[in-house]
Amino acid sequence: MLKSYVLLAIRNIKRQPLYTLLNVMGLTVGIIATLFILLFITEETRYENFHQKADRIHRISSDITEQDNHFRWAVTQVPLARQVREDYPEVESAVRFMPMDRPRLRYKDQSFYAEDAYYADSTLFEVFTFELINGQEETALDQPHSILLNESLAKKMFGKEDPIGKVIKLEDEVQDYQITGVFKDIPNHSHLIPDALFSINTVPYFMQPEPDSWGGFQLYTYVLLREGANAAAFERKLQNIIDRHVAVIFDQFNVQIKYETIALQDIHLLSDFDSEPKPTGQLSFLYIFGIVALLMLALASINYMNLSTARATRRATEVGIRKVLGSQRGQLILQFLSESVLFTLISLLLSYCLIPILLPFFNSAFDLQLSSQLLFSPTVLGGIFAILVLVGVLGGSYPAFFLSAFPPITVLKGTLSKSGNQQLRKALVAIQFAITIFMLIGTGIIYDQMSYLRNKDLGFAKENVMTMQLPFPPEDRAKYPILKEKLLQNPRFVNVATSNNELGKGVGKSLMNVETKDGSMEQYGVDFYEIDSDFFSTMKVPIAMGRDFSSELSTDSMQSVLVNESMVKRMGWEDPIGKRVQLRPIDSLPFLRVVGVVENFHQKSLYEPIGALMFYPAQNLSIVHARIQPRNTQEVAEIIDYARNSWEELYPNSPFDYNFVDASFMELYEADRIRAKIFTLFSLLMIFVASLGLLGLASFIAQQRTKEVGIRKILGANTKDIVFLLTKSFVLLVVIAAIPAFVLAWYFMNSWLGTFAYHTDMNYWLFALAFFIVVVLTVLTTGFHALRASKGNPVDSLRYE
């Protein structure tokens, strides 16, 4: 019997090729889009699963509360890992990672950057699964001045040579480092992807810390809990370490410290700590994309239901005859469900064949690294089963029950055409319109915010500023004045300055004595930024009060600081000029005086408000900021070549590397940009799927009303009247659908904009534009068939009457 159902379904599919094409195209596009989203969700949710003990690994992070500030850091103090091993039997092992600032490795006469490098404990292999290609886990990081390279960096540095035992140098040290192992490249689905690992034994401070080392937060601490250990109970026990070692340092400064644990596999999607090794994801976006996937399937299912019920009159005679000949309703339901499932299976097979072909383009367009192997992951296979049920069974259920319910006598009398559940079809079309309007508004607002991020005044002139990182050795950084002079010899270089960090990459924090508004000295945690006297003029940051640093005043380097307006507000200073600061809360240290206030500018991303910031003058800093004045794109290339030549004259053994400040700032929103592009793609696909369904439905409705159109033409109706008659009901549905779409879009997009400390206002013109686009699309789609119907000869439509 099942075979006969399938054969009959195939026969019906062949009989109506246009209907089949519309359904298969709509389902295939919807399923491909859904599978792409499932691949993305699977990639985001499988972070760290390659570590064999991932379910037992937790990171300890720091929650810090000052008298007027609160922040959370992913890093902890140096002695913590050793202390938890000693104090808590549920800790099987612990390992620390101390980040390094993009070290330059030198082998013979060549230098190579390690983009992500860390000092690490030799217990690394007890906790994490870092698979060694060469070397022994037991001894790889056991000795000082040993280093591990990942496979890619090893090949880049040594080609086919065996790197084990090779000696390299760090550019900032004279000490040799011996390569003791090469590990496989860490998969991209990890928050910790080192290129190089240095033995932490190399730094005595890390191995034998002083008692006051509980005051500094500088490395990541991971613990491996024993089987069955309770992570929440372990976190509560950490208070004992705070009471014994940490509070004695911080209580005197009115600073409260709390430790929090977070499961390794939760870090990527759930962490909201500062100083993460790499940008994290957002669980909320996975929910959003999951909803988008369901909406895509809903649109595809609605198309099938609408087209099937619209075709009801064409299949009414078939149903009537089969019922007269003895077919039961259950058999008819199975027949129509088998057609629906067959449509879905065809679309699934097409999707599975097309995804490996389309995936490279998808990855390239959105800067992703999704693998087609994920198509066979449990999540995706479960999604495919869900698609089969949702689209094939549920999507086909209403047409099946609707078609099988036709009374034979009514059908064979030819009166069925006057009945039918038009209200349900209208409701389904309205849902399609609502989804489409919602997606269009969401896409517009997301791009509006991305444009806002690109164009917002950051408080400094970010355009046309080139940055370079100086080599670390003091003798190389001492050459900076020569580099500056060489650059300024080119008239296209307007100004050059240095700082200790790139704009947008955060700043340091230190506990300081700061004069309050009543003249007393109190301890505050203060963000500080080291700069030279040319920094503010180079970055075009206005001085709001007082003066800038001056290279002509030798006292500035030892006695002066500047602050921003947020610092003035934080301290409640009415007259900030002359206020005293001690860079450490030690009474014997000399006072520095505030000599100027700069207007607020964004040192971090627009997710965060502008914080209180202090600027300290310093020399031999690492980051060069060079403002250029190009007249065209060709001149930019020439300026870069000039900078490269100047660099290579001074630093022949250090590779020239540069960036632009505006590009660096946009990197802070790269994840948002990618999500916006994905959201836009699926919005367009939704419009396409909805249009296919609308096109088919309009065609059937125009055919159903052929006689009505003929009669109206005989009675004098013109083409415009006929087109208006056949399209007005669809336009009315757009108006009805717009109301819930507007409400939902306003609510959800307001919530999303609220995640930014600085964001664009809700642009209500986008609501009107989305409505207009859907109306135009509806008129064009339905109007095409209405125009065809209006051009027909009424004699032909009424001849058989």
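About the cut-offs
Residues numbered from 1 in each chain as written. Predicted model: local features only at pLDDT ≥ 70, side-chain atom pairs only at ≥ 80, totals over all residues. Heavy atoms only, no water. Helix = DSSP H or I, 4+ residues; strand = E, 2+ residues; numbered from the N terminus. Buried < 20%, exposed > 50% of the residue type's maximum accessible area, 1.4 Å probe, protein only. Areas by Shrake-Rupley, 256 points an atom, 1.4 Å probe, with all protein chains shown as cover. Contact = heavy atoms within 4.5 Å. Salt bridge = Lys/Arg side-chain N within 4 Å of Asp/Glu carboxyl O. Axes fitted to C-alpha atoms, helices over the stretch in contact; angles between N-to-C directions. Parallel < 35°, antiparallel > 145°, perpendicular 65-115°, else oblique. Left-handed = near helix turned anticlockwise from the far one by under 90°. Core = buried A, V, L, I, M, F, W, Y, C linked by side-chain atoms within 4.5 Å. Polar contact = N/O pair within 3.5 Å; in protein donor to acceptor, adjacent residues only side chain to side chain. Patch = residues over 30% accessible without salt bridge, like charges linked within 9 Å, V, L, I, M, F, W, Y side chains within 5 Å.

Colleague: Account for the overall build of the protein, with residues named and values stated.
Modeller: Helices and strands together make up the secondary structure of the protein, namely 27 helices and 24 strands. Split into buried and exposed, the 801 residues of the protein put 52% on the buried side. When the accessible area of the protein is evaluated, it comes to approximately 36,300 Å², of which 57% is carbon and sulfur surface.

Colleague: Describe the environment of R226, listing the residues and the values that go with them.
Modeller: Here R226 is to be found in the loop between strand 12 (220-225) and helix 7 (231-237). Ignoring anything within four residues of it in the chain, the contact list for R226 reads R56, P89, E90, V91 and E92.

Colleague: Describe in detail the pattern of salt bridges, supporting the description with residues and values.
Modeller: Should their charged atoms come close, side chains of opposite charge can pair. Following the criterion strictly, the structure yields 28 salt bridges and no others. Here D121 makes a salt bridge to R96, at a shortest N to O gap of 2.9 Å. With D121 in the loop between strand 6 (117-120) and helix 4 (124-127) and R96 in strand 3 (residues 91-100), the pair connects residues that are 25 residues apart, well separated along the chain. Accessibility expressed as a relative area gives 6% for R96, which makes it buried. Here the salt bridges share partners, and the residues they tie into one network are D63, R72, E260 and D272.

Colleague: Explain the packing of helix 3 (residues 80-87) against helix 8 (residues 239-250) to me, and be specific about the residues and the numbers.
Modeller: With their axes 11 Å apart at the nearest point, helix 3 and helix 8 run at an angle of 130° to one another. If you check the angle between helix 3 and helix 8, you find them oblique. Seen from above, helix 3 lies across helix 8 with right-handed handedness. Packed against helix 3, whose contacting residues are L80, Q83, V84 and D87, the element helix 8 presents I241, R244 and H245 at the interface.

Colleague: A description of the side chain of Q77 should follow, citing residues and the corresponding values.
Modeller: Following the sequence through the fold, Q77 ends up in the loop between strand 2 (70-73) and helix 3. Among the residues examined, Q77 registers a relative accessible area of 0% and is labelled buried. Sequence-distant contacts of Q77, that is, excluding residues within four places in its chain, are made with S213, W214, G216, F217, L219, T221, V246 and Y259.

Colleague: Quick rundown of the nonpolar core? Include the residues and the values.
Modeller: Core analysis: the biggest nonpolar cluster contains 101 residues, and L39, F460, L503, F536, F601 and F615 have the highest contact counts within it. The greatest single-element share of this core, amounting to 14 residues, is contributed by helix 15 (residues 422-455). With near-sequence residues (within four places) excluded, F536 lies in contact with I531, V541, I543, D548, L562, V598, F601 and F615.

Colleague: Describe the side chain of S146, listing the residues and the values that go with them.
Modeller: By the element assignment, S146 lies in strand 8 (residues 146-150). S146 gets classed as buried once you look at its relative accessible area, which sits at 3%. Among the polar contacts listed, one links the side chain of S146 to the backbone oxygen of A140, at a separation of 3.4 Å. The residues contacting S146, other than those within four sequence positions of it, are A140, L141, Y177, Q178, T180, L197, F198, S199 and T202.

Colleague: For a nonpolar patch on the surface, give the residues involved together with the corresponding values.
Modeller: Taken together, I346, L350, L354, I357, L358 and F361 make up a surface patch of nonpolar side chains, about 520 Å² in accessible area. You can see F361 is positioned in helix 12 (residues 329-366).

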